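The primary structure of each chain is shown beneath.
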Amino acid sequence: MKRKPVFAALAAAVVLAAGGGVAAASLGGDGGTSTASGTGTEATSHQGSEDARTGADDSTARDDAGRDSDDRDDDARERAQDADEDKAEAAAARKLTAPDALAAALAHTPGRAVSAEIDDDPDGRLVWEVEILDRSGKLRHVDVSPSSGKVVRAQAERGEADDVRTAKALLTSGTTSAAKAARAAGARGTVVSVELEDERNGYWSVETGPEDAEWAVALDGATVTRESDD
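Source: prediction; values computed, not measured.

Undergrad: Honestly, the packing of aromatic side chains in this entry has me stumped. Any pointers?
TA: Think of a pair of aromatic rings as described by two things: how far the centres are apart, and how the planes are tilted against each other in angle. Enumeration according to the criterion identifies zero aromatic pairs in this entry. The lysine or arginine in question, Arg 226, covers the ring of Trp 215, its NZ or CZ lying 4.5 Å from the ring centre.

Below, the structure is given as structure tokens:
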């Protein structure tokens, strides 16, 4: 009879469909033999999981590489922007030097300067921002235009009482002035800021641009040294 092989093949197919790994059947009848074999769904499922994990890992790696590239681009843009700002500040400071800006501010508001810095004003214009302890001992803020050399804004400044007392104590009659400190450091580059510091018994911290070099100028004698080397 030739129906037995059909039934056996169906049985083998059922075994395979049930996920039965390798199935084999020997079919009798007329001396004929038939063998059925196949791979189970467990191996296929395992391979699929491995492929999915590999794909996810590749995707994560690509995302990480993309973020790293974006971060590098952002850092490069920030460095370029900072460099442009430094150049603009140095150019403004060359139009009106720190000593001249201090002289203009002190002519408007007599007293003792505690700092001067090229910076943006509220309208986005570069100005010399000068802080002065006036003759009454109050802190004043005076803006001087690098283009015209004139005072463009002046107002009272709020300062910490301790800072004001310290500045008064450091700025005695024999102390090197901010203007003198700026002139001393000016031999090293274009002065873009000068600020009174109270550490180590006080000194002037002076920055020259556009390379952002920092200098320490002594309050007694205006000796100039690299601030990072002090």
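Resuming the write-up.
Undergrad: What's the story with the nonpolar core in this structure? I'm lost.
TA: Note that soluble globular proteins tend to have their nonpolar side chains buried in a common cluster. Core analysis: the largest hydrophobic core is formed by 40 residues, its most contacted members being Leu 102, Trp 128, Val 130, Val 194, Trp 204 and Val 217. Those residues in contact with Val 194 that sit more than four places away from it in its chain are Leu 102, Val 114, Ser 115, Ala 116, Ala 178, Ala 181, Trp 204, Ser 205 and Val 206.

Undergrad: Looking at this structure, I do not really get the pattern of salt bridges. What am I missing?
TA: Side chains that differ in charge, positive against negative, can pair when their charged atoms come close. In total, this model carries seven salt bridges according to the counting rule given. Among the ionic pairs, Asp 121 bridges to Arg 125, the shortest N-O distance being 3.0 Å. Residue class for Asp 121 comes out buried when judged on its relative accessible area of 8%. Residue Arg 125 is classed as partly exposed on the basis of its relative accessible area, which comes to 48%. Across the pair Arg 140 and Asp 134 runs a salt bridge, and its minimum N-O distance is 3.0 Å. Under the relative-accessibility criterion, Arg 140 is labelled partly exposed at 28%. Classification of Asp 134 as buried rests on a relative accessible area of 13%. Where salt bridges share partners, they join Asp 121, Asp 123 and Arg 125 into one cluster.

Undergrad: Explanation requested: helix α5 (residues 178-185) in the structure shown.
TA: At 3.6 residues per turn, the α-helix brings residues three or four places apart onto the same side. Along α5, the residues that are buried comprise Ala 178, Ala 179, Ala 181, Ala 182 and Ala 185. Buried positions in α5, seen along its axis, are confined to an arc of 160 degrees and lie on one side of it. Elements that come into contact with the buried residues of α5 comprise α3 (98-108), β1 (111-120), β5 (190-197), β6 (203-209), β7 (213-218) and β8 (224-226).

Undergrad: Got a minute to help me understand the sheet that holds β5 in this structure?
TA: Backbone hydrogen bonds are what pair the strands of a sheet, in a parallel or an antiparallel way. If you trace the eight strands from one edge of the open sheet to the other, you get β4-β3-β2-β1-β5-β6-β7-β8, paired in antiparallel fashion. Edge positions in the sheet fall to β4 (151-156) and β8, since each has one partner strand and no second. Here the strands of the sheet are splayed against their neighbours by 30 degrees on average, with no regard to which way each runs. Looking at chain direction, β1 and strand β2 (residues 126-134) are connected through nine bridges and run antiparallel. Opposite Ser 115, over in β2, you have Glu 131 as the bridge partner. Against the sheet, α3 engages β1, β2, β3 (139-144), β4 and β5, with an angle of about 50 degrees to β2.

Undergrad: Mind showing me how you'd approach the pairing of β7 here?
TA: Every regular strand shows the same layout, with side chains that alternate between the two sheet faces. Pairing of β6 with β7 involves six bridges; the strand directions are antiparallel. Bridge pairing links Val 206 to Trp 215 in β7. Remark: three residues form the turn of the hairpin made by β6 and β7, two consecutive strands paired antiparallel; Asp 212 in that turn has positive phi of roughly 60 degrees. Counting the residues in the hairpin turn of β7 and β8 gives five residues, including Gly 221, whose phi is positive at 110 degrees.

Undergrad: What exactly am I supposed to notice about the packing of α3 against α5 here?
TA: A pair of packed helices is characterised by two quantities: the angle between their axes and the separation of those axes. At a minimum axis distance of 8 Å, the contact between α3 and α5 shows a crossing angle of 170 degrees. On the basis of the axis angle, α3 is roughly antiparallel to α5. In the crossing of α3 with α5, the sense of the turn from one axis to the other is left-handed. On α5, the residues touching Ala 98, Pro 99 and Leu 102 of α3 are Ala 178, Ala 179, Ala 182 and Arg 183. When its residues are assigned to classes, the contact of α3 with α5 shows six nonpolar, no polar and one charged.

What counts as what
- Counting starts from 1 at the beginning of each chain's written sequence and moves along it residue by residue.
- A pLDDT threshold of at least 70 governs which residues receive local features in this predicted model, and a stricter bar of 80 or more applies before side-chain atom pairs are shown or counted, although totals over entire chains, interfaces and linings include all residues.
- Side-chain metrics in this entry use all non-hydrogen atoms of the structure; hydrogen atoms and water are not considered.
- Put simply, two rings from Phe, Tyr or Trp (the six-membered ring, in Trp's case) pair if the centres are within 6.5 Å, and we call them stacked under 30 degrees between planes, edge-to-face over 60, tilted for the rest.
- Counted as over-ring charges are cases with an Arg CZ or a Lys NZ within 6 Å of the ring centre that also lie within 35 degrees of the ring normal.
- As used here, the term nonpolar core means buried Ala, Val, Leu, Ile, Met, Phe, Trp, Tyr and Cys residues forming a set that is joined through side-chain atoms within 4.5 Å.
- When a residue's accessible area, from a 1.4 Å probe over protein chains only, is under 20% of the maximum for its type it is buried; when over 50% it is exposed; and in between it is partly exposed.
- Only heavy atoms matter for contacts: two residues are in contact if any of them lie within 4.5 Å across the pair.
- The salt bridge definition used is simple: a Lys or Arg side-chain nitrogen within 4 Å of an Asp or Glu carboxyl oxygen.
- The numbering of helices and of strands both runs from the N terminus, where a helix is a DSSP run of H or I of at least 4 residues and a strand a run of E of at least 2.
- By construction, the arc corresponds to the directions joining the helix axis to the C-beta atoms.
- Paired strands are those between which DSSP finds at least two bridges.
- For helices, the axis comes from a line fit to the C-alpha atoms of the stretch in contact; other axes are also lines fit to C-alpha atoms, and the angle between any two N-to-C directions lies between 0 and 180 degrees.
- When describing relative orientation, an angle under 35 degrees is termed roughly parallel and one over 145 degrees roughly antiparallel, while 65 to 115 degrees is termed roughly perpendicular and anything else oblique.
- Each crossing is labelled by how the near helix is turned from the far one, with a counterclockwise turn of less than a right angle marking it left-handed and a clockwise turn marking it right-handed.
- Classification convention: Asp, Glu, Lys, Arg as charged; Ala, Val, Leu, Ile, Met, Phe, Trp, Tyr, Cys, Pro as nonpolar; all other residues, Gly among them, as polar.

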